[in-house]
Amino acid sequence: MSEYIIKGGKRLEGTVNISGSKNAALPIIAACLLNGGKSILYNVPKIHDTEMMFEILKSLGGTVEKKKNKVIIDTNKINKFEIPENLMRQMRSSVILVGGLLGKYKKAIFSYPGGCDIGTRPIELHLKAFEKLGINISKNYGNIECFCDKIIGKKIDLDFPSVGATENVILTSCLAEGTTIINNAAREPEIIDLQNFLNKMGAKVKGAGSSHIEIEGVKHLKDVSYNIMPDRIETGTFLCLAAINHSEMLIKNADANHITPIINKLEEIGCNLEVEKNQIKIKVAKKLRAVDIKTMPYPGFPTDMQSVFVTLLTVVKGTSVVVENIFENRYRFTQELTRMGAKITIEGKTAIVKGVKKLYGANVKATDLRGGAALVLAGSVAKGITKIQNIEYILRGYEDFVKKLQGLGLDIDIIKG
Ligand code: EPZ
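Residues numbered from 1 in each chain as written. Predicted model: local features only at pLDDT ≥ 70, side-chain atom pairs only at ≥ 80, totals over all residues. Heavy atoms only, no water.

Engineer: Outline helix 7 (residues 189–201), listing residues and values.
Structural biologist: Compared with an ideal rise of 1.5 Å per residue, which puts 13 residues at 18 Å, helix 7 spans 19 Å between its outermost C-alpha atoms and is within 8% of the ideal. Considered for burial, the residues of helix 7 that qualify are Pro189, Glu190, Ile191, Asp193, Leu194, Gln195, Phe197, Leu198 and Met201. A positive backbone phi angle near 110 degrees is found at Gly202, which sits one or two residues after helix 7. (Helix = DSSP H or I, 4+ residues; strand = E, 2+ residues; numbered from the N terminus. Expected span 1.5 Å × (residues − 1). Buried < 20%, exposed > 50% of the residue type's maximum accessible area, 1.4 Å probe, protein only.)

Quick look at the structure:
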């Protein structure tokens, strides 16, 4: 297994270009099933998770042609409707393909995605919504079969503003008879990007970004080309890298409108941010202040930023209280930070972080995607050498991560395992 080797303490500064959003690209790739034709996507991040989605599309009969700055997907010859179990298990978010298959072909077979590193990740909200839309669901031995003759638009009230469930209902409803209304929909910016993509295809979706979304079914969807939005979590990750290193950095190709809660928290802690149209300059005061955080559905503080922000707080004077309200097991990375000298107490959903003067290099293991990125931030300021194993987690969501970090002056290398 490959690992990162980081020598902490070097001065970081400079410019970093943000890649396309993983969490916008994945549902948009699934949406390419709906037009049964060609979709040209620009700014798709070259990461493990998009590669996995391409593999699944190809296993269903689709074609994927990767050029320098675009991906050409053709779903004209899709002739299978079962998502391979091994691929489903490797990437839970492939459940989003179910909405694309149901929306276009009214059938989908997939295995129960099962839990992952940050929680059980159930999908009952997805299944309840599918049933409401008239889809028959049968479960046997971990496999779920969904099929129906036609999909009739309905009113769907989500018990929780689930991002994936909202996206799956939108995909399932684009070619339905009548109109589907989603109440208590997730409001994440990636859902707006999905809506914009679908409407360019000829769909009639409105309200994304609010908790009330309407999808008026249409008969046909056409070929499309689309430029995917920048990754707001990668943006936040590099802003926190600057903050923990007290560095001045310029974050380019970023959309500051998507990260208001992150900007507010960084300013509260003592960072100075100059926000322009598609770039953010960050300068960091010598002294940072402890702050409290509660993760919430968008537009609250994003759960995906929790681990990197907790890491920043480990070296900020004072005591910070963090509450993780979205996932039930998203503190595993803190055990690794403790090995580096961090002082963190976990009580249920709450992490109490007592700032220390210094972190020390250690051998640590990435526990999940964002937890792994958090360990890179810790290694960048730790005294000595930090070795991070299980970096496959990190490669799932950060394009050219090592190259970008080296470009900012971090002493980091990959040891191929
Ligand atoms: C999306 O996951 C993101 N992934 C996650 O990012 C992100 O953390 C999450 O939304 C919340 O913002 C992608 O977009 C690919 P949810 P998703 O359904 O759709 C529970 C990253 O690091 N729930 O909003 O799976 C669920 O268990 C990843 O990039 C149910 O109980 O998130 C969780 O506790 C991690 N039943 C909460 O809701 C359901 O049927 C939020 O889940 C569905 C969800």
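Having seen the structure, we can now continue with the description.
Engineer: Now, about the nonpolar core: what can you tell me, with residues and values included?
Structural biologist: Core analysis: the largest hydrophobic core is formed by 75 residues, its most contacted members being Leu41, Phe110, Phe197 and Leu198. Membership of the second largest hydrophobic core comes to 71 residues, among which are Met249, Leu375, Ile391 and Ile394. (Core = buried A, V, L, I, M, F, W, Y, C linked by side-chain atoms within 4.5 Å.)

Engineer: Outline the pattern of salt bridges, listing residues and values.
Structural biologist: As enumerated under the stated definition, the model contains 16 salt bridges in all. Between Lys38 and Asp74 there is a salt bridge, with the nearest N and O atoms lying 4.0 Å from each other. Placement of the pair is Lys38 in strand 3 (residues 38–42) and Asp74 in strand 5 (residues 70–74), with a sequence separation of 36 residues. Residue classification places Lys38 among the partly exposed positions, given a relative accessible area of 40%. Of the charged contacts in the structure, one is a salt bridge between Asp304 and Arg330, with a shortest N-O distance of 2.7 Å. Highlighted residues: Asp304 in the loop between strand 17 (293–294) and helix 10 (306–313) and Arg330 in the loop between strand 18 (319–323) and helix 11 (333–339), separated in sequence by 26 residues. Classification of Arg330 as buried rests on a relative accessible area of 7%. (Salt bridge = Lys/Arg side-chain N within 4 Å of Asp/Glu carboxyl O.)

Engineer: Would you mind going over the sheet that holds strand 11 (residues 204–206) in detail, with residue names and values included?
Structural biologist: Spatially, four strands are ordered 9-10-12-11 in an open sheet, and the strand pairing comes out mixed. Of all strands in the sheet, those bounded by a partner on one side alone are strand 9 (155–157) and strand 11. Each strand of the sheet is rotated relative to its neighbour by a mean of 10 degrees, with strand direction disregarded. Direction of pairing for strand 10 (residues 179–183) relative to strand 12 (residues 212–216): antiparallel, over a ladder of five bridges. The residue bridging Ile182 from the neighbouring strand is Ile213, located in strand 12. Contacting strand 9, strand 10, strand 11 and strand 12, helix 6 (residues 163–173) crosses the sheet at an angle of about 170 degrees to strand 10. (Pairing = 2+ DSSP bridges. Axes fitted to C-alpha atoms, helices over the stretch in contact; angles between N-to-C directions. Contact = heavy atoms within 4.5 Å.)

Engineer: Let's hear about the pairing of strand 20 (residues 350–354): which residues, and what values?
Structural biologist: Regular strands place side chains that alternate from one sheet face to the opposite one. For strand 20, the buried fraction is high: four of the five residues fall into the buried class. As defined by bridge partners, strand 18 adjoins strand 20 across five bridges and the pair is classed as antiparallel. Bridge assignment links Val321 to a residue of strand 20, and that residue is Ile352. Relative to strand 20, strand 19 (residues 343–347) is paired through five bridges, and the arrangement is antiparallel. Its bridge partner being in strand 20, Ile344 is matched across the sheet by Val353. Where strand 19 folds back on strand 20, the antiparallel hairpin that results is connected by two residues, among which Gly348 adopts a positive phi of roughly 65 degrees.

Engineer: Please give an account of the environment of Ile137 that cites residues and values.
Structural biologist: Position of Ile137 among the secondary structure elements: in strand 7 (residues 136–140). For the pair formed by Ile137 and Ala108, sequence separation is 29 residues and the distance between their alpha carbons is 9.7 Å. Ignoring sequence-local partners within four residues, the contact set of Ile137 consists of Leu127, Phe130, Glu131, Ile144, Glu145 and Cys146.

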